[in-house]
Amino acid sequence: MDETKYKSTVTEAFNEAAATYDQMGVEFFTPMGRRLVERIAPRPGERVLDVGCGRGAVLFEAADRVGPSGHVLGIDIAPAMVEAARERAAALGTRHVEVRVMDGEHPDLPPASFDAVTGSYSVIFLPDAPKALGRYAALLRPAGRIAFTSPVFTDDTFPFLPPIFTELIPERLLRNLPAEWQPEALKRRFNSWLGDGDELTGTMLRAGFEDVEITDEHVQLVAADGTTWVDWSHTQGMRLLWRHLPAYESAQLRKRLITELDRLRGDGPLRLPTPVRFVLASVGG
Ligand SMILES: C[S@@+](CC[C@H](N)C(=O)[O-])C[C@H]1O[C@@H](n2cnc3c(N)ncnc32)[C@H](O)[C@@H]1O
């Protein structure tokens, strides 16, 4: 993989998405971030690093927990995400939140300077996540904790989406994705450290963590209807697929998804239980 090219594609996609990311009336990233913070439970006065902070789904929940005597630093590779989070901190008057543009794979931060590291749906974007995890362990103070989320990958699901999309998104369309986002490439990349619980525990132990806890939970994705979901899908990882589809294919897929998702929701809003993996661990005391 050409890492520079890969990271500039990711940066571009999230820069483009930042204005609407998690702002489309679809509940998913915010409840997932909240759940992650509940699990790691930052304490008043603690210092938290949030990797790939986006607009702050984890950042602001963590800031509430640590309070003004604590500090939360969010880093993200996409400047537009960082700007959006900075604006939100200013609007809320949250002075103990700081955000910086930084590659989360190589955090340029002092060793042993955090009590907790978090990353919701962000660590998965790092080309060499196992190495980055080792760097996070070094950033933690004794007994410091890490918590991150990832999608749950199985052999027959469209990466990043609930299983229903295997039927709704024809396999041949995925061939339009850039090579490093093709399902096989994603599986190779993720399954090497994330796919299987034992493998993941091993990765965490090798990175310097202990007390590894892996839990798969369903987070309820809620959207008013199929159209809302499809519009939302342009503002997150699936943007990478949309932007590579020819116009005709894109219009056809949009129509198909809206019809089927609306059929699925019946009279109420669309509710898609989405499997999410929560990984928690700590460093020695
Ligand atoms: C799916 S979003 C999650 C954002 C946020 N954590 C949330 O839960 O809403 C993934 C985020 O990871 C960021 N990201 C991807 N690669 C990164 C890297 N190498 N370093 C830092 N951030 C990165 C993206 O810019 C994006 O904001």
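Residues numbered from 1 in each chain as written. Predicted model: local features only at pLDDT ≥ 70, side-chain atom pairs only at ≥ 80, totals over all residues. Heavy atoms only, no water.

Taking an unreviewed UniProt entry as the reference, the protein chain is identified by name as Methyltransferase domain-containing protein belonging to Streptomyces cinereoruber.

**Remarks on the side chain of Arg55**
You can see Arg55 is positioned in the loop between β1 (47-51) and α3 (59-66). Salt bridges are absent for the buried Arg55, whose nearest opposite-charge side chain, Glu87, sits at 6.2 Å. A distance of 2.7 Å separates the side chain of Arg55 from the backbone oxygen of Ala18, its partner in a polar contact. Setting aside anything within four residues of it in sequence, one finds Arg55 in contact with Ala18, Ala19, Tyr21, Gln23, Phe60, Met81, Ala84, Ala85 and Arg88. (Helix = DSSP H or I, 4+ residues; strand = E, 2+ residues; numbered from the N terminus. Buried < 20%, exposed > 50% of the residue type's maximum accessible area, 1.4 Å probe, protein only. Lys, Arg positive; Asp, Glu negative; His and termini not counted. Salt bridge = Lys/Arg side-chain N within 4 Å of Asp/Glu carboxyl O. Polar contact = N/O pair within 3.5 Å; in protein donor to acceptor, adjacent residues only side chain to side chain. Contact = heavy atoms within 4.5 Å.)

**Brief notes about the sheet that holds strand β2 (residues 71-76)**
Ordered in space as β3-β2-β1-β4-β5-β7-β6, the seven strands form an open sheet in which the pairing is mixed. Only two strands of the sheet have a single partner each, and these edge strands are β3 (97-101) and β6 (210-223). Each neighbouring strand pair of the sheet contributes to a mean axis angle of 20 degrees, computed without reference to strand direction. Pairing of β1 with β2, which is carried by five bridges, proceeds in the parallel orientation. Considered in β2, the bridge of Arg47 is made with His71. The sheet strands contacting helix α5 (residues 129-139) are β1, β4 (114-120) and β5 (140-151), and the helix crosses β5 at an angle near 145 degrees. (Pairing = 2+ DSSP bridges. Axes fitted to C-alpha atoms, helices over the stretch in contact; angles between N-to-C directions.)

**As for the pairing of β4**
Judged by how many residues are buried, β4 sits mostly within the fold: seven of seven residues are covered. Relative to β5, β4 is paired through six bridges, and the arrangement is parallel. From the neighbouring strand, Ser120 faces β5, where its bridge partner is Thr149. Between β4 and its parallel partner β5, the chain crosses via α5, and the hand of that crossover is right-handed. (Right-handed = clockwise from strand over helix to strand, strands pointing away.)

**Section: the packing of helix α1 (residues 3-17) against helix α4 (residues 79-92)**
Interaxial distance between α1 and α4 falls to 7 Å at its minimum, and their mutual angle equals 40 degrees. When the axis of α1 is compared with that of α4, the two are oblique. Taking contact as the criterion, the partners of Thr11, Phe14 and Asn15 in α1 are, on α4, Pro79, Ala80 and Met81. Here the residues of the contact of α1 with α4 sort into four nonpolar, two polar and no charged. (Parallel < 35°, antiparallel > 145°, perpendicular 65-115°, else oblique. Nonpolar A, V, L, I, M, F, W, Y, C, P; charged D, E, K, R; others polar.)

**Remarks on the packing of aromatic side chains**
Given two aromatic rings, their pairing is described by the distance between the two centres and the angle made by the two planes. In total, this model carries ten aromatic pairs according to the counting rule given. With centroids separated by 6.4 Å and ring planes inclined at 75 degrees, the aromatic side chains of Phe14 and Tyr21 adopt a geometry described as edge-to-face. What makes Tyr21 buried here is its relative accessible area of 12%. When the centroid spacing of 5.8 Å and the interplanar angle of 40 degrees are considered together, the rings of Phe29 and Trp232 count as tilted. Placement of Phe29 in helix α2 (residues 29-40) and of Trp232 in helix α10 (residues 226-233) is noted, with a sequence separation of 203 residues between them. For Trp232, a relative accessible area of 1% puts it in the buried group. Here Arg39 stacks its cationic end above the ring of Phe278, 5.1 Å away from the centre of that ring. Note that Arg47 overlies the ring of Phe114, its terminal NZ or CZ placed 5.1 Å from the centroid. (Phe/Tyr/Trp six-rings, centres within 6.5 Å; stacked < 30°, edge-to-face > 60°. Lys NZ or Arg CZ within 6 Å of the ring centre and 35° of its normal.)

**Topic: the nonpolar core**
Core analysis: the biggest nonpolar cluster contains 92 residues, and Leu133, Tyr136, Phe209, Trp229 and Leu257 have the highest contact counts within it. Considering every element that reaches this core, the biggest residue donor is strand β7 (residues 270-282), with seven residues. Apart from the residues within four sequence positions on either side, Leu257 is in contact with Phe165, Leu168, Ile169, Trp229, Val230, Met238 and Trp242. (Core = buried A, V, L, I, M, F, W, Y, C linked by side-chain atoms within 4.5 Å.)

**Focus on the pattern of salt bridges**
Scanning the entire structure with this criterion turns up 23 salt bridges. Here Asp115 makes a salt bridge to Arg141, at a shortest N to O gap of 3.2 Å. Of this pair, Asp115 sits in strand β4 while Arg141 sits in strand β5, placing them 26 residues apart in sequence. Accessibility expressed as a relative area gives 31% for Arg141, which makes it partly exposed.

**Some points on unusual backbone geometry**
Among all residues save glycine, negative phi is the norm, and among peptide bonds the norm is trans. For Asp22, which is not glycine, the phi torsion reads 60 degrees and is therefore positive. Relative to the assigned elements, Asp22 resides in the loop between α1 and α2. Classification of Asp22 by relative accessible area gives buried; the value is 17%. Here the phi dihedral of Tyr121 falls at roughly 55 degrees; this positive angle occurs in a residue that is not glycine.

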